[in-house]
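Below are the chains, spelled out letter by letter.
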Amino acid sequence: MAASGGFDLVDRMKRRVFLAQGVFLALAACATTGQPQLGADGKPLPRVYRITDGQAVSFRFLDAMNTLRAARALPPVSFDANLNAAAATHARDMSVQNRPWHFGSDGSSPLLRAQRAGFTGRYLGENISETYETELETLSSWMAREDTRVVIMDPLATRLGFAWFQEPNGKIWWTMVTGA
């Protein structure tokens, strides 16, 4: 009997060691090296940021933008449905054109797109981006450049349109429009 009990104890110990090794290997497989994967050209491959909760993305952007504005004692902006519609139309159109620029495929300007969407206030500016970055990384990139930072920090801005279009490969076309 004692031999049998000792054998069970050894078996249980071996099983635990085996399970612990399995858990360790599973965790090791999940760990990242911190080094990006490189493409055939030797450049880092983009990380794919999949947007799954559009409302959360919009409000994270709005909150971050208003935090930046508050730090400079600027009034907050709030979403405007018409500017959101103009931004969404342009984000999709940039994807169709496969280039980030301020003119629509029909030659429309940001001001004309805002008017077409029903915005009756004062159009102030537009920022655009073609990227794999998150909304907060995109905002940070815009803040790093003088010409796009001016749109975000316009003291007259009180209305915001913000939208994106994500392609199946993960590329995101961001559009931000401000007005008063």
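Everything numeric here is computed off the predicted structure, so don't read it as measured data. (Residues numbered from 1 in each chain as written. Predicted model: local features only at pLDDT ≥ 70, side-chain atom pairs only at ≥ 80, totals over all residues. Heavy atoms only, no water.)

Thoughts on the nonpolar core
By size, the foremost hydrophobic cluster in this structure holds 19 residues, and its most contacted members are F61, M65, I152, L160, F162 and M176. Taken together, the elements giving at least two residues each to this core come down to α2 (54-71), α5 (135-143), α6 (146-152), β3 (159-166) and β4 (172-179). With 4 residues, the single largest contributor to this core is α2. With residues near it in sequence (within four places) discarded, F61 still touches E135, L136, L139, W142, L160, F162 and M176. In terms of nonpolar packing, the next biggest core, distinct from the first, is built from 6 residues, L83, A87, F119 and V177 among them. (Core = buried A, V, L, I, M, F, W, Y, C linked by side-chain atoms within 4.5 Å. Buried < 20%, exposed > 50% of the residue type's maximum accessible area, 1.4 Å probe, protein only. Helix = DSSP H or I, 4+ residues; strand = E, 2+ residues; numbered from the N terminus. Contact = heavy atoms within 4.5 Å.)

A short note on the confidence of the model for the protein chain
In this model, the protein chain carries a mean pLDDT of 84, and residues with pLDDT of at least 70 account for 78%. In the model, residues 1-5 has pLDDT below 50 throughout and makes 0 contacts with residues more than four positions away in sequence or in other chains. Long-range and interchain partners of residues 22-33, a stretch whose pLDDT sits below 50, account for 0 contacts in this model, where long-range means more than four residues apart. (pLDDT = per-residue confidence, 0-100.)

Brief notes about the pairing of β4
Where burial is concerned, most of β4 is hidden: 8 out of the 8 residues are buried. Of the two faces of β4, the one lined by I172, W174, M176 and T178 and the one lined by W173, T175, V177 and G179 are each fully buried. Direction of pairing for strand β2 (residues 123-131) relative to β4: antiparallel, over a ladder of 8 bridges. Following the sheet pairing, G125 is matched in β4 by T178. As defined by bridge partners, β3 adjoins β4 across 8 bridges and the pair is classed as antiparallel. Bridge pairing in β4 links A163 to T175. Joining the antiparallel neighbours β3 and β4 is a turn of 5 residues, in which G170 adopts a positive phi near 105°. (Pairing = 2+ DSSP bridges.)

Considerations on the side chain of N127
Relative to the helices and strands, N127 is located in strand β2. There is a polar contact of 3.0 Å between the side chain of N127 and the backbone oxygen of T148. Setting aside residues no more than four positions away along its own chain, N127 makes contact with H102, W142, T148, V151, I152, W174, T175 and M176. (Polar contact = N/O pair within 3.5 Å; in protein donor to acceptor, adjacent residues only side chain to side chain.)

Overview of helix α3 (residues 81-97)
For α3, with 17 residues, the first-to-last C-alpha span of 24 Å sits near the 24 Å given by 1.5 Å per residue. Lining the buried residues of α3 we find α4 (110-116), β2, β3 and β4. Looking at where α3 begins, the residue whose side-chain oxygen comes 2.9 Å from the main-chain nitrogen of N82 is D80. Following α3 by one or two positions, N98 has its phi on the positive side, about 55°. (Expected span 1.5 Å × (residues − 1).)

Re the packing of aromatic side chains
A full pass over the atoms with the stated rule returns 7 aromatic pairs. Between W101 and F103, the aromatic rings sit 5.5 Å apart at their centres with planes inclined by 65°, giving edge-to-face as the arrangement. Exposure remark for W101: the relative accessible area of 30% places this residue in the partly exposed category. Its relative accessible area of 39% is what places F103 among the partly exposed residues. Ring geometry for F162 versus W164: centroids 5.8 Å apart, planes at 55°, classification tilted. Judged by relative accessible area, F162 falls into the buried class, the value being 4%. (Phe/Tyr/Trp six-rings, centres within 6.5 Å; stacked < 30°, edge-to-face > 60°.)

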